[in-house]
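Structure assessment
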Amino acid sequence: MPEITWEAPFCAEGSSCFRVGTDTDGNAYIAVNGQEDHHLTDTTDALRALITDIKAGKADHLL
């Protein structure tokens, strides 16, 4: 398993806390806080695009 450097958890009011991490190979990870062994992995560019799209409201229909 790669060495992942996790950021501090992001917690929105009334919802789960998530953590984002990176490794030295340029991969990005996202996991529920406390469950970092069960993470999603992709490139940092893909994670950046996901976060940008969510912030732009492109996932609002899922709420």
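Preceding this section is the structure that the text describes.
The following refers to the structure shown.

The rules behind these values
Residues numbered from 1 in each chain as written. Predicted model: local features only at pLDDT ≥ 70, side-chain atom pairs only at ≥ 80, totals over all residues. Heavy atoms only, no water. 1 Å grid on protein atoms, 1.4 Å probe; cavity = no way out; pocket = protein on both sides within 12 Å on 5 of 7 lines; lining within 4 Å. Points joined across faces, edges and corners; volume = space filled by probe spheres on them. Helix = DSSP H or I, 4+ residues; strand = E, 2+ residues; numbered from the N terminus. Nonpolar A, V, L, I, M, F, W, Y, C, P; charged D, E, K, R; others polar. Pairing = 2+ DSSP bridges. Buried < 20%, exposed > 50% of the residue type's maximum accessible area, 1.4 Å probe, protein only. Contact = heavy atoms within 4.5 Å.

The subject of this paragraph is the layout of surface pockets. Volume-wise, the largest pocket comes out at about 460 Å³. As for the largest pocket, its lining consists of 16 residues, of which Phe 10, Phe 18, Ile 30, Ile 51 and Ile 54 are closest to the centre. Of all the secondary-structure elements, those providing two or more residues to the lining of the largest pocket are β3 (17–22), β4 (27–32) and α1 (44–55). Taken together, the residues of the lining of the largest pocket sort by class into 12 nonpolar, two polar and two charged.

With that settled, the discussion passes to the pairing of β3. Across two bridges, the pairing between strand β1 (residues 5–6) and β3 is antiparallel. From the neighbouring strand, Trp 6 faces β3, where its bridge partner is Gly 21. Judged from the five bridges that link them, β3 and β4 form a sheet pairing that is antiparallel. Across the sheet, Phe 18 pairs through a bridge with Val 32, a residue of β4. Where β3 folds back on β4, the antiparallel hairpin that results is connected by four residues, among which Gly 26 adopts a positive phi of roughly 90 degrees.

Assignment of secondary structure puts Thr 44 in helix α1. The exposure class assigned to Thr 44 is partly exposed, which follows from its relative accessible area of 26%. Sequence-distant contacts of Thr 44, defined by excluding residues within four places in its chain, comprise Thr 22, Gly 26, Asn 27 and Ala 28.

Nothing here speaks to function; it is all geometry.
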